[in-house]
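What follows is each chain in one-letter form.
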2 protein chains.
Amino acid sequence: MARWEPDALGRLQRAALALYGERGFDQTTVAEIAEAAGLTKRTFFRYFADKREVLFRGSEELEELIVAAVGSAPPFTVPLDPVAAALDAAATMLEPRKEFSVRRQRVIAANPELQERERIKLATLAAAVAQALRLRGVGDLAAILAAETGITVFRVAFERWVDPANEHPLDRLIQDSLHELRGAVTAAVPVAS
Amino acid sequence: MARWEPDALGRLQRAALALYGERGFDQTTVAEIAEAAGLTKRTFFRYFADKREVLFRGSEELEELIVAAVGSAPPFTVPLDPVAAALDAAATMLEPRKEFSVRRQRVIAANPELQERERIKLATLAAAVAQALRLRGVGDLAAILAAETGITVFRVAFERWVDPANEHPLDRLIQDSLHELRGAVTAAVPVAS
DNA sequence: TAGTCGTTGGCACCTTGTGACATCATCTCC
DNA sequence: GGAGATGATGTCACAAGGTGCCAACGACTA
């Protein structure tokens, strides 16, 4: 038997998501989250660096998955290709967690501070992808641009995925966005006959 | 004769940049900035929504310039083209302010909170560019992707521009990044003979 | 001279976030 | 089985960011 109720971190996360969803991020104090989880403010800050971070714990796993997929993608002709393969792997991981993703994203969309944090998380993800590309021999500038562009595609597709009107799976939306991107950046490439 | 020293906003901005540069963002309190400007903390928060915003005032002008340039760019074959023209206009505007840009960027680079704010500013800029593209008949998804990609190119080029080792003008770096991007996203496009 | 208006100051207050120390249940070792 | 050791939690005090409210002040107008 545990000394305290188990899974303090999970309780704080669930309480935070619930309260942020009910009354909004600004209208929720850390003390309230802690109380709802049967803990104190001080303990909250031992698990999370700040009030926002409680919504972003777990993004490291996604990063590891994506970086690994970039590293193990088949040989490629263009740096964006392995990134595309990695995004597909990420989509497979996220698809079963759609309900959670939707609730979380609704909270983030309602608050600029949370959007800032979200952007930073994606930026560090892009940096990690760029590094993985360099390890596969891609030049510095091309690696950064392919990584950042890939993450942009991911973000746009993700936003469409969590949209209530959407019916498609995430991997499909990613493919669509990738296709649209290529058309928006360069003219159609004639297929070698 | 003025009742108070004129240009309270400018004094606060200069004091903030100086203090952030000297001792760092975290080690500078708002009260110190206000005192250095001959004002009080309360007045600081009347001009700036928060401690970070003092470094980002003025980005609206850049946004207006870029949006206008997207709107007035010549007819295009691919959505990224008018964005590229707009970035060139932005480079022309920024080139004379390089010293200020360098000092400001050094402060931002040293602090994650400021990087968050910077990313959000660029994100709203990208949204404005996407809207300008839509007004020129570009489809929704292509507009977003072209805008986000263009802003990414701009950010990468800007970072290289303010690098102490750099010698090139901003517009040149933007051209380079654009070229590299096209190569990183699609295979080389044969020119129609 | 009285009234109005915009800028600033003063003050109380709430919240985030941190440092230092106390508590308390379990585990280990003797 | 009892004495620490350990690790998670609580308690308290406090700095700093940020806001609401009202007073003070100087100029301009009637």
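Going by the structure above, here's the rest.
Quick notes on the rules
- Residues numbered from 1 in each chain as written.
- Chains lettered and ligands numbered in written order.
- Predicted model: local features only at pLDDT ≥ 70, side-chain atom pairs only at ≥ 80, totals over all residues.
- Heavy atoms only, no water.
- 1 Å grid on protein atoms, 1.4 Å probe; cavity = no way out; pocket = protein on both sides within 12 Å on 5 of 7 lines; lining within 4 Å.
- Points joined across faces, edges and corners; volume = space filled by probe spheres on them.
- Helix = DSSP H or I, 4+ residues; strand = E, 2+ residues; numbered from the N terminus.
- Nonpolar A, V, L, I, M, F, W, Y, C, P; charged D, E, K, R; others polar.
- Domains from an automatic or database assignment.
- Axes fitted to C-alpha atoms, helices over the stretch in contact; angles between N-to-C directions.
- Left-handed = near helix turned anticlockwise from the far one by under 90°.
- Contact = heavy atoms within 4.5 Å.
- Expected span 1.5 Å × (residues − 1).
- Buried < 20%, exposed > 50% of the residue type's maximum accessible area, 1.4 Å probe, protein only.
- Buried area = accessible area lost by both parts, 1.4 Å probe.
- Salt bridge = Lys/Arg side-chain N within 4 Å of Asp/Glu carboxyl O.
- Polar contact = N/O pair within 3.5 Å; in protein donor to acceptor, adjacent residues only side chain to side chain.

Give a detailed account of empty space enclosed by the protein, specifying residues and quantitative values.
All told, the structure shown has one cavity of 30 Å³ or more when counted by the stated rule. A volume near 210 Å³ is recorded for the largest cavity. Looking at the largest cavity, it is lined by 16 residues, and the ones nearest its centre are Arg119 and Arg155 of chain A together with Arg119, Glu148 and Arg155 of chain B. Where the lining of the largest cavity is concerned, the elements lending two or more residues are α7 (112-135) and α8 (140-161) of chain A together with α7 (112-135) and α8 (140-161) of chain B. Here the lining of the largest cavity is composed, by residue class, of eight nonpolar, two polar and six charged.

Can you tell me about the layout of surface pockets, naming the residues and giving the values?
Residue and element names in this part refer to chain A. Volume-wise, the second largest pocket comes out at about 760 Å³. Lining the second largest pocket are 32 residues, and of these Leu55, Arg57, Ser59, Phe100 and Arg104 sit closest to its centre. Listed by contribution, the elements that provide at least two residues to the lining of the second largest pocket are α1 (8-23), α4 (59-72), α5 (80-94), α6 (98-109), α7 and α8. For the lining of the second largest pocket, the residue count by class is 13 nonpolar, seven polar and twelve charged. Looking at which domains feed residues into the lining of the second largest pocket, each of domain 1 (8-54) and domain 2 (58-184) gives three or more.

Describe the packing of α8 of chain A against α8 of chain B, with residues and values.
Where α8 of chain A contacts α8 of chain B, the two axes come as close as 10 Å, and the packing angle between them is 145°. The two elements α8 of chain A and α8 of chain B meet at a crossing, and its hand is right-handed. Between α8 of chain A and α8 of chain B, the contacting residues are Asp140, Leu141, Ile144, Leu145, Glu148, Thr149, Thr152, Val153, Arg155, Val156 and Arg160 of chain A on the first element and Asp140, Leu141, Ile144, Leu145, Glu148, Thr149, Thr152, Val153, Arg155, Val156 and Arg160 of chain B on the second. Looking at the contact of α8 of chain A with α8 of chain B residue by residue, the class counts come to ten nonpolar, four polar and eight charged.

Describe helix α1 (residues 8-23) of chain B, and please don't skip the residues or the numbers.
Residue and element names in this part refer to chain B. Between its first and last C-alpha, α1 extends 22 Å over 16 residues, near the 22 Å set by a 1.5 Å rise per residue. Those residues of α1 that sit buried are Ala8, Gly10, Arg11, Leu12, Ala15, Ala16, Leu17, Leu19 and Tyr20. Looking at the buried residues of α1, the elements they touch are α2 (30-36), α3 (41-47) and α6 (98-109). Of the residues trailing α1, Gly24 is marked for its positive phi of about 95°.

A description of the interface of chain A and chain B should follow, citing residues and the corresponding values.
Taken together, the contacts link 36 residues of chain A with 37 residues of chain B. Interface of chain A and chain B: buried area, both sides summed, is about 3200 Å²; carbon and sulfur atoms make up 67% of it. Taken together, the links from chain A to chain B amount to ten salt bridges. With a shortest N-O distance of 3.0 Å, Arg160 of chain B and Asp140 of chain A are connected by a salt bridge. Here chain A is connected to chain B by 13 residue pairs in polar contact (both at pLDDT 80 or more). Put simply, the parts of the chain that give the side of chain A that touches chain B at least two residues each are α7, α8 and α9 (170-185) of chain A. With 13 residues, the single largest contributor to the side of chain A that touches chain B is α8 of chain A. Looking at the side of chain A that touches chain B, its residues break down into 19 nonpolar, six polar and eleven charged.

Let's hear about the pattern of salt bridges: which residues, and what values?
Tallied over the entire structure, the rule returns 30 salt bridges over all chains. Of the charged contacts, one joins Arg52 of chain A and Glu116 of chain B as a salt bridge, the two residues approaching to 2.8 Å between their closest N and O atoms. Of the two residues, Arg52 of chain A is situated in the loop between α3 (41-47) and α4 and Glu116 of chain B in helix α7; the pairing between them involves two chains. Here the two residues Arg52 of chain A and Glu116 of chain B agree in accessibility, since each one is buried. For Glu148 of chain A, the salt bridge goes to Arg119 of chain B, with nearest N and O atoms at 3.9 Å. A residue pair is termed interchain when its members come from two chains, as with Glu148 of chain A in helix α8 and Arg119 of chain B in helix α7. A relative accessible area of 11% means that Glu148 of chain A is categorised as buried.

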